[in-house]
Amino acid sequence: MREDKDNDILELIAKSSTRMQGFEALVIRYQEPIYWHIRRLVVSHEDAQDVMQECFINIHKYIDKFKHDSSLKTWVYKIATNEAIRHFNKNKLDLNSYDNKTKLIEVFEAEEEIDFSSMEAKLQKALLSLPEKQRVTFNLRHYEQMNYEQIAEVTSTSVATLKTNYHYAITKIKDYMLKQL
Amino acid sequence: MEEFDLEKLTTAMPYKAPKKEFFENFSSDLIQKIEHNKRKRMYLMRSMVAAAVVACGLILGVNSFESKQQNANSLDKFLVSLSDEDLNSLIADCEYVDEFYENL
């Protein structure tokens, strides 16, 4: 994503006369990638829709707190990730527990029009069996093409910890996938 | 044996995508909701001013002690109706939100 486009959006938001216009541009620019980021975390479309709405309402509410010491993209992803985690907390889903990871896999298996024999579906199941931090790290790195520094901004975690999380995630995914083959 | 390549596998998603209209309507629906919430907040503020006036009345003994008691009772009833677990989860969610957005 081009950063100068983000700067144009922030300039519009900074002026009270064009604030809503700028916010709408921000929503249109980020709604689709943010939807998929959240959907991969919460699995069902209905939950993704609720979490995404809450995410953009909070972006609108707190946009003045954006300090330009990170990119707008990582700031938006930070709020989206937080709202997804808050969704799990509110529903008492501790994703580091085995039972709750199984619940998410059940939600995934109830999804319509998925070819469960496909490798993509098997990968999703492997991802859903990971602890929360490893899953977020893997998703941001692979699906959002973020580097470790950007993921560190999103997750407020050190690059060293992220590398460890990523290493564990890859090892577990490979083990899981090999068992499925 | 089928091989797997993570780079290739993460370019596609197995999920069914939402309808095109979902993204077409999302921003306008959201802005409508934000505007609606703004109006609700303004209404709430006016109501709070009105409530403050009533409270002054209560302090001055203009209104009855019973109505003040009734309001306190409804809040009490709501809080009592929550299980310890729900109450703790409500408090934990409020604290989590406060902490995250304060440090954003």
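Note that the coordinates shown come from a computational prediction; the quantities given were computed from them, not determined experimentally.

(A) Examining the overall build of chain B more closely. Counting its regular elements, chain B contains 4 helices and 0 strands. Of the regular secondary structure in chain B, the N- to C-terminal order runs α-α-α-α.

(B) Looking closely at the interface of chain B and chain A. Each partner contributes to the interface: chain B provides 36 residues, whereas chain A provides 52 residues. Here chain B packs against chain A, burying approximately 4,300 Å² in sum over the two surfaces, 70% of which is carbon and sulfur. In this assembly, chain B and chain A are joined by 2 salt bridges. Applying the counting rule to chain B against chain A returns 9 residue pairs in polar contact (both at pLDDT 80 or more). Only helix H1 (6-9), helix H2 (20-59) and helix H4 (84-102) of chain B provide two or more residues apiece to the side of chain B that touches chain A. Residue contributions to the side of chain B that touches chain A peak at 11 residues, all from H2(B). A per-class count over the side of chain B that touches chain A returns 21 nonpolar, 4 polar and 11 charged.

(C) Representation of a nonpolar patch on the surface. All names here are of chain B. Among the surface-exposed residues, Leu75, Phe78, Leu79 and Leu90 lie close enough to one another that they form a single nonpolar patch of about 370 Å² accessible area. For the nonpolar patch, the element with the highest residue contribution is helix H3 (residues 65-81), accounting for 3 residues. Within the fold, Phe78 resides in helix H3.

(D) Spotlight on the pattern of salt bridges. Residue and element names in this part refer to chain A. Applying the stated criterion across every chain yields a total of 10 salt bridges over all chains. Salt-bridge contacts for Glu111 lead to Arg39; the nearest nitrogen and oxygen are separated by 2.5 Å. Of this pair, Glu111 sits in the loop between helix H5 (98-109) and helix H6 (119-128) while Arg39 sits in helix H2 (residues 19-42), placing them 72 residues apart in sequence. Of the two residues examined, Glu111 and Arg39, each falls in the buried class. Close ionic contact of Glu144 with Arg40 constitutes a salt bridge, the shortest N to O distance being 2.5 Å. Here Arg40 lies in helix H2 and Glu144 lies in the loop between helix H7 (132-142) and helix H8 (148-155), a separation of 104 residues in the sequence.

(E) Layout of helix H3 (residues 45-62) of chain A. Under the 1.5 Å per step criterion, the end-to-end length of H3(A) is 25 Å for 18 residues, consistent within 8% with the ideal 26 Å. Along H3(A), the positions that sit buried rather than exposed are His45(A), Ala48(A), Val51(A), Met52(A), Cys55(A), Phe56(A), Ile57(A), Asn58(A), Ile59(A), His60(A) and Tyr62(A).

(F) Region of the structure containing the packing of H6(A) against helix H9 (residues 159-180) of chain A. All names here are of chain A. Put simply, H6 and H9 touch, their axes get as near as 9 Å, and they point 135° apart. In terms of their interaxial angle, H6 and H9 are classed as oblique. Crossing angle aside, the handedness with which H6 passes H9 is right-handed. Side by side, H6 and H9 meet where Met119, Lys122, Leu123, Lys125, Ala126 and Leu127 of the first sit next to Ile173, Tyr176, Met177 and Gln180 of the second. Across the contact of H6 with H9, the residue classes break down as 7 nonpolar, 1 polar and 2 charged.

(G) Representation of the nonpolar core in the model. Within the largest apolar cluster, 73 residues are counted, with the highest numbers of intra-cluster contacts made by Ile34(A), Phe56(A) and Ile59(A). Apart from residues no more than four positions distant in its own chain, Phe56(A) is found in contact with Phe23(A), Leu26(A), Val27(A), Tyr30(A), Gln31(A), Ile34(A), Phe26(B) and Leu30(B).

(H) Quick peek at helix H4 (residues 72-90) of chain A. Here H4(A) spans 27 Å end to end across 19 residues, near enough to the 27 Å set by a 1.5 Å rise per residue. Of all 19 residues in H4(A), 17 are buried, a share of seventy percent or more.

(I) The packing of aromatic side chains, seen in detail. In the structure shown here, the tally under the stated rule is 14 aromatic pairs over all chains. A ring pair is formed by Phe138(A) and Tyr166(A), whose centres lie 6.5 Å apart and whose planes are at 20°; its orientation type is stacked. Highlighted residues: Phe138(A) in helix H7 and Tyr166(A) in helix H9, separated in sequence by 28 residues. Both residues of the pair, Phe138(A) and Tyr166(A), count as buried. A network of ring pairs unites the aromatic residues Tyr35(A), Trp36(A), Phe56(A), Phe22(B), Phe23(B) and Phe26(B) as a single cluster.

Cut-offs applied
Residues numbered from 1 in each chain as written. Chains lettered and ligands numbered in written order. Predicted model: local features only at pLDDT ≥ 70, side-chain atom pairs only at ≥ 80, totals over all residues. Heavy atoms only, no water. Helix = DSSP H or I, 4+ residues; strand = E, 2+ residues; numbered from the N terminus. Contact = heavy atoms within 4.5 Å. Buried area = accessible area lost by both parts, 1.4 Å probe. Salt bridge = Lys/Arg side-chain N within 4 Å of Asp/Glu carboxyl O. Polar contact = N/O pair within 3.5 Å; in protein donor to acceptor, adjacent residues only side chain to side chain. Nonpolar A, V, L, I, M, F, W, Y, C, P; charged D, E, K, R; others polar. Patch = residues over 30% accessible without salt bridge, like charges linked within 9 Å, V, L, I, M, F, W, Y side chains within 5 Å. Areas by Shrake-Rupley, 256 points an atom, 1.4 Å probe, with all protein chains shown as cover. Buried < 20%, exposed > 50% of the residue type's maximum accessible area, 1.4 Å probe, protein only. Expected span 1.5 Å × (residues − 1). Axes fitted to C-alpha atoms, helices over the stretch in contact; angles between N-to-C directions. Parallel < 35°, antiparallel > 145°, perpendicular 65-115°, else oblique. Left-handed = near helix turned anticlockwise from the far one by under 90°. Core = buried A, V, L, I, M, F, W, Y, C linked by side-chain atoms within 4.5 Å. Phe/Tyr/Trp six-rings, centres within 6.5 Å; stacked < 30°, edge-to-face > 60°.

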